[in-house]
Amino acid sequence: MKTMSYREAVRDAIAESMRASDEVFIMGEDIAEMGGSMGVTQGLLDEFGATRVRNTPISEMAIVGAGIGAAMQGMRPIVEIMYEDFITLSLEQIVNQAAKHRFMSGGQLKVPMVIRTQGGAGWSPGAQHAQQLEAWLVHVPGLKVVFPSTPADVRGLLWSSIYDDNPVVFFEHRLLYPIKDEVPEKLEPIPLGKARVIREGTDVTVIATGPLVHRALKAAEEAEADGISVEVVDPRTLQPLDEDGLVESVKKTNRCVVAHEAVTRMGFGAEVVAVLQEKAFDYLDAPIQRVGAKFAPLAFAPAMEQFVVPGPQDVLDAIRKTVAKA
Amino acid sequence: MKTMSYREAVRDAIAESMRASDEVFIMGEDIAEMGGSMGVTQGLLDEFGATRVRNTPISEMAIVGAGIGAAMQGMRPIVEIMYEDFITLSLEQIVNQAAKHRFMSGGQLKVPMVIRTQGGAGWSPGAQHAQQLEAWLVHVPGLKVVFPSTPADVRGLLWSSIYDDNPVVFFEHRLLYPIKDEVPEKLEPIPLGKARVIREGTDVTVIATGPLVHRALKAAEEAEADGISVEVVDPRTLQPLDEDGLVESVKKTNRCVVAHEAVTRMGFGAEVVAVLQEKAFDYLDAPIQRVGAKFAPLAFAPAMEQFVVPGPQDVLDAIRKTVAKA
Amino acid sequence: MSKTEKKRILTEDRLREFLREMLLIRRFEEKVEERFRAGELPGFLHVAIGQEAVAVGVCAAMADGDVFGSTHRAHGHTLARGTHPNAVMAELYGKMEGCSHGYGGSMHLYDVERGNLGANAVVGGGIPAMVGAGLAFSMRDEPRVAIAFFGDGATNTGTFHESLNLAQLWKTRTVFVCENNTWAESTPGWQHSPVWDDMSKRAVAFDMHSIKVNGQDVEEVFEKATEALEIARSGVGPVFLDVETFRMHGHYIGDPQVYRAKEDRDEAAERDPIVRLREILQVTSEEWAALEAEVKEIVDVSVEFAKNGTDPQPEDALKNIYA
Amino acid sequence: MSKTEKKRILTEDRLREFLREMLLIRRFEEKVEERFRAGELPGFLHVAIGQEAVAVGVCAAMADGDVFGSTHRAHGHTLARGTHPNAVMAELYGKMEGCSHGYGGSMHLYDVERGNLGANAVVGGGIPAMVGAGLAFSMRDEPRVAIAFFGDGATNTGTFHESLNLAQLWKTRTVFVCENNTWAESTPGWQHSPVWDDMSKRAVAFDMHSIKVNGQDVEEVFEKATEALEIARSGVGPVFLDVETFRMHGHYIGDPQVYRAKEDRDEAAERDPIVRLREILQVTSEEWAALEAEVKEIVDVSVEFAKNGTDPQPEDALKNIYA
Ligand SMILES: Cc1ncc(C[n+]2csc(CCOP(=O)(O)OP(=O)(O)O)c2C)c(N)n1
Ligand SMILES: Cc1ncc(C[n+]2csc(CCOP(=O)(O)OP(=O)(O)O)c2C)c(N)n1
Ligand SMILES: [Mg+2]
Ligand SMILES: [Mg+2]
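Now for a description of the structure that goes with this document. Values in this document were obtained by computation on a predicted structure and should not be read as measured data. (Residues numbered from 1 in each chain as written. Chains lettered and ligands numbered in written order. Predicted model: local features only at pLDDT ≥ 70, side-chain atom pairs only at ≥ 80, totals over all residues. Heavy atoms only, no water.)

**Here's the deal with the overall build of chain A**
- When you go through chain A residue by residue, the secondary structure sums to 12 helices and 14 strands.
- For a compact globule of 326 residues, the expected C-alpha radius of gyration is about 20 Å, and chain A comes in at 19 Å, within 12% of that figure.
- Along the first, second and third principal axes, the C-alpha set of chain A runs to 60 × 45 × 40 Å.
- For chain A, the proportion of its 326 residues judged to be buried stands at 75%.
- In chain A, the share of contacts with a sequence separation of at least 24, taken over all contacts with a separation of at least 6, comes to 82%.
- Of the roughly 8500 Å² of accessible surface on chain A, a fraction of 47% belongs to carbon and sulfur atoms.
- Each charge sign in chain A was given a centre, from 32 positive and 44 negative side chains, and these centres are 2 Å apart. (Helix = DSSP H or I, 4+ residues; strand = E, 2+ residues; numbered from the N terminus. Rg over C-alpha atoms; globule rule 2.2 N^0.38 Å. Buried < 20%, exposed > 50% of the residue type's maximum accessible area, 1.4 Å probe, protein only. Contact = heavy atoms within 4.5 Å. Areas by Shrake-Rupley, 256 points an atom, 1.4 Å probe, with all protein chains shown as cover. Lys, Arg positive; Asp, Glu negative; His and termini not counted. Charge placed at Lys NZ, Arg CZ, Asp CG, Glu CD.)

Shown next, in the form of structure tokens:
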């Protein structure tokens, strides 16, 4: 075991795959000399050269589309969309093209590519640089959707995404990049579609994604002090979703909180609730509580931002609420 | 009362608002001479002229964006996106711009515009001309989302949407256009945010949108024969959502099915389930059943298409399933 | 210089072959129109009647290993590139023997073996993938070219402009074939583009090499496409083919064309590329009749083949979603 | 022709006023850099140091009733159009007294009263709204113009091309101001556009009237912007201003500019529009000191004002979502 930041773990997975296979290359805005707006791709240009580490124009449609074409020709492109908010520009290509070519061709084609993007509130980026839009992609058959929360997970899952033969939309989170944690000495692929129990507990399950995993862990510790034993589960892959893994935990605890940073309304948590209330109806002793951003664009001023974005306290409140129910 | 088709009702609401206010104008691809790819805007060019009925280039970003700018300057543009699938191209403008200008300016601006679009399966349009994407928009604070199912509703709700001071994404459905029904003699505005009980019943509530309202009514009749009394409720406006209206019905029937044509996973139904399981937890005698498209892009061949798209039988099965639960 | 005097780089045999292919496409599409009107074909379809010379000329210029992406108006490109009429017709009938195994339909014809990476029902949607395919060829230094077909209407999509910029910037092995038939559905060129009779300007904005082509002259199409493909293949950069052509029928089958003046339709009909080539080759009535009979037979067989094809099982709808 | 000999259409007083405005913007942004580095400002910010002449020249050419949309680099445009420095600084501090009442921040400065319809943090995202605003003016035949500011990097977005096509097609009362500072974040022009030193080609593709402008010469900017606005206002069609300018600092505050050669930075510094105008006007050291003092006072006051501003209440986050 060694220690890596989330940022380094992403970089390592990219670099390792580029070392392993000529088909892997990366393109995106400012990823070359500058090393990406989040510093994730620093050093890759030096090691792999400008042919495989490609700065692009600000053309979110064309770069995803070019990734699709290259993927169809046997490459494994990684396309970076600098902020999730700008994925709104690429959706035609992702949803109508990448997700559907295999299907529409009756299985003749495959589109092995990764679309990496990141977002996240908590540093006053304003309304157009902080949205969490993973739910949209989960609605689209033909895509896989990954959203890891730890250095070890992001490393192993990104590797698997790069070598998956399908288009994968890979969500990172701005506030996770500096987080450091232990990772395996050598990169170990983590299969897509498997949830991870991050903390075991018996009274309530918190299903959390991205930064909310860490906020949930904080909440869990505080709840512990109240004598509430909290299990924290991270689905990690949102599509395919490890329904069994989630159901199993809830069948054990009989109570559940779902937490993400995205807006609650129509967020990923809604799907989790819908699945669980169907598959674990008789096991639920209380309504599943959802924790997510309040229904508002993200305001700039920190006080307003904090109010909207869910923190550990929100998760704790939800835990208490669900446990309070007789 | 008189009779109108859904298509005529849409046209009538547009025409009436254009007669009432110079600020209203319409733009979109092939809406002028041709009258729109669905014939909805036929005759408008003749009555209102080319300045107010504007054929556009195939530029889904720019035409929505132009609508935004015109709306900011006091117009009430109606922008038509020919198929919902192409709204993927406009999302940056809808989600980052239209939905947020008012907020980001701290209330200085408003963006009164309607983005009309339509989609729907059932006629072999293939994978890129049939998606139902309303759920995405429901996730976005700042937007209103409307999806009417009958001629009377589409007429009254479109009028209200045009005169609403916010951006409204207005979903129509290809297979609803020919449906005829009674409408008020004179156009009566219908307020956004109010669900409608379409059929009263006592054993189970079916919350359905768009074409599924009609399929649910068919299913309800068949269920009636089995002695199951079905209430059918159409939210009509998905954002703001009439949560109280839905909860009320479910508190009465204690059982619920949610049905839409969009893919079930992460579809609008998930949100409805999440709301109801929280607000009506103690009233639910059975898990809420979701009815929606199976998890696949839409195949061309009719047999495959029918298999994926939810019909009356799927609603009936769900009704039976929920009622069977002790 | 009259057309017949022009120096010929193609043998007469080759030209006769082109004539046969064009006629096959024409009769195929007429049959499709007929079968659609008879209620036999699901969905909705677009024929390219009047534009056959573009499909035949460009596809003949392609080499093995070249790939292309097409549009909603794809029957001609697909047939011209060698997909069997049976497979195309079967697709339109939604059969498993179809070139997309019934998953695609008219607007999603694929034949990956022959380099057909898919017709696209989103205007402009297929263009950037051809930049990416051409990029892959460049990166691996393969002498292959990716060809993007699209219409004048598509040049108004942002996707188109981003794609051209990227292709020229990266010198991808891509050829852009703009079939300017002066209509985007019901919208005439002058209603959708300030410069609608010279699409090359949109390529020149990115310094892309552009070649003007009379799309009704299959010989010229072939020559210029050959030139374009050579340039792109060499790796010096992409090429834009600004092809002027005519849509002789409606936008979709059944389109009453209320928006179109009769003169415009008549003009289009006068520029029929098949009539033109037939005259140039001075095909006799007997030869013509034989050709018609041959082609008719192929088309009729394709309909029979398609009708006897296998319907997919309902549950097949859940296959081929993930690799 | 040397600069000082050039026929002057502006009075010296007006030019001195321009100098003052440019200096105010410069010192304002330097203060913003300082306060950001001191950890006082939330979020992330972009200054336009080196590009002040564009802001001042274009905004001075605007008339009452004209509107504009800006970018992530918006302080200059906002100040130049007359928003009080206090209101801008308060916004950067996230205060209710800010020009967006604390909801926007640096990348979302608004001042609707003065025609500022918003800075935009999505590159290219604000352009089409200016087409729409210009369309509204045309439809109502109002002698008003909508101005879109954007950078060279933005000309690679599909949104940009679609917008230009639509504006030219419909002859909207729009002026497009392309501030070509040859950088898109860390990406130099030659890495993002095949033709990066002549952005007018992208307008000419749509037959749009384009005017080349030296963006370091505020007088020229004012003259050409005035010309452009007159044309657009008359209703004959939109105009593209191809403005060459320099980004003297990093992309964002704190940008180490590892990607940028020292020579390039030096060159940029040599083209300082303020130094240039100061020389042209032969401002004495005393005059200059007085000007500096005046401007410093305004900037310092703005910081005080901002710091003493009111923080929004947390629950205000749920206001202003719907009208
Ligand atoms: C993005 C998008 N917008 C609108 C449509 C509807 N549509 C289908 S074909 C067409 C016209 C296309 O014109 P052009 O590119 O010239 O091709 P042509 O039909 O002339 O072959 C339109 C508007 C679409 N398929 N995709
Ligand atoms: C659609 C989009 N993609 C990427 C970004 C990230 N980004 C912010 S500014 C910028 C560069 C913009 O360059 P240019 O338009 O030349 O403006 P300048 O920064 O030079 O003023 C980029 C890539 C963004 N904000 N929006
Ligand atoms: Mg056309
Ligand atoms: Mg720039």
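**Description of the coordination of the magnesium ion (ligand 4)**
All names here are of chain D.
- Taken together, Asp152 (OD), Asn181 (OD1) and Trp183 (O) make up the protein donors of the magnesium ion (ligand 4), found 2.0 to 2.1 Å from the metal.
- Counting the intervening residues between successive donors of the magnesium ion (ligand 4) yields the motif D-x28-N-x1-W. Of this pair, aspartate 152 sits in the loop between strand S3 (146-151) and helix H6 (158-170) while tryptophan 183 sits in strand S5 (residues 183-184), placing them 31 residues apart in sequence. A single burial state applies to aspartate 152 and to tryptophan 183, both of which are buried. (Donors = N, O, S within 2.8 Å, 3.2 Å for Na, K, Ca; no water.)

**Comments concerning the sheet that holds strand S13 (residues 256-263) of chain B**
Residues and elements named next belong to chain B.
- Across the sheet, which stays open at both edges, the 5 strands sit in the order S9-S11-S10-S13-S14 with mixed pairing between neighbours. The sheet is open, and its two edges are formed by strand S9 (196-199) and strand S14 (289-293), each paired on a single side. Strand after strand, the sheet turns through a mean of 25 degrees between neighbouring axes, direction not considered.
- Note that S9 and strand S11 (residues 230-234) share 3 bridges and pair antiparallel. Bridging from a neighbouring strand, valine 197 pairs with valine 233 of S11.
- Running at roughly 155 degrees to S13, helix H10 (residues 268-279) makes contact with strand S10 (204-208), S13 and S14 of the sheet. (Pairing = 2+ DSSP bridges. Axes fitted to C-alpha atoms, helices over the stretch in contact; angles between N-to-C directions.)

**Observations regarding the site of ligand 1**
- Within the structure, ligand 1 sits among 22 residues, and Glu60(B), His72(C), Arg73(C), Asp152(C) and Gly153(C) are positioned closest to it.
- The side chain of Asp152(C) places a nitrogen or oxygen atom 2.7 Å from an oxygen atom of ligand 1.
- Within the complex, 97% of the 580 Å² of free accessible area of ligand 1 lies under protein.
- Taken together, the residues of the shell around ligand 1 break down into 10 nonpolar, 6 polar and 6 charged. (Near = heavy atom within 4 Å. Polar contact = N/O pair within 3.5 Å; in protein donor to acceptor, adjacent residues only side chain to side chain. Nonpolar A, V, L, I, M, F, W, Y, C, P; charged D, E, K, R; others polar.)

**A word on the interface of chain D and chain A**
- Chain D puts 42 residues into the contact, and the matching count from chain A is 33 residues.
- With both chains or domains summed, chain D and chain A bury close to 2800 Å², and 67% of this area falls on carbon and sulfur atoms.
- Of all residues in chain D, the largest losses of buried area upon contact with chain A belong to Phe44(D), Glu185(D) and Gln191(D), amounting jointly to 16% of the total for that side.
- Linking chain D with chain A are 0 salt bridges, by the criterion used here.
- Where chain D touches chain A, the interface holds 13 residue pairs in polar contact (both at pLDDT 80 or more).
- Secondary structure elements with two or more residues in the side of chain D that touches chain A: helix H4 (85-92), H6 and helix H7 (189-192) of chain D.
- Classifying every residue of the side of chain D that touches chain A by side-chain character gives 20 nonpolar, 18 polar and 4 charged. (Buried area = accessible area lost by both parts, 1.4 Å probe. Salt bridge = Lys/Arg side-chain N within 4 Å of Asp/Glu carboxyl O.)

**Focus on the site of ligand 2**
- For ligand 2, the set of nearby residues contains 22 residues, the closest of which are Glu60(A), His72(D), Arg73(D), Asp152(D) and Gly153(D).
- This site is not confined to one chain, since residues near ligand 2 come from chains A and D.
- Within the contact set of ligand 2, an oxygen atom lies 2.7 Å away from a side-chain nitrogen or oxygen of Asp152(D).
- Within the contact set of ligand 2, an oxygen atom lies 2.8 Å away from a backbone nitrogen or oxygen of Gly153(D).

**Re the sheet that holds strand S8 (residues 239-244) of chain C**
Residues and elements named next belong to chain C.
- Strand order in the open sheet made by the 6 strands is S2-S1-S3-S4-S8-S7, with parallel pairing throughout. Every interior strand has two partners, whereas the edge strands, strand S2 (116-119) and strand S7 (209-214), have only one. Each adjacent strand pair in this sheet contributes to an overall mean axis angle of 15 degrees, direction not counted.
- Bridging between strand S3 (residues 146-151) and strand S4 (residues 174-180) involves 6 bridges; their strand directions are parallel. Within the sheet, the bridge partner assigned to isoleucine 147 lies in S4 and is valine 175.

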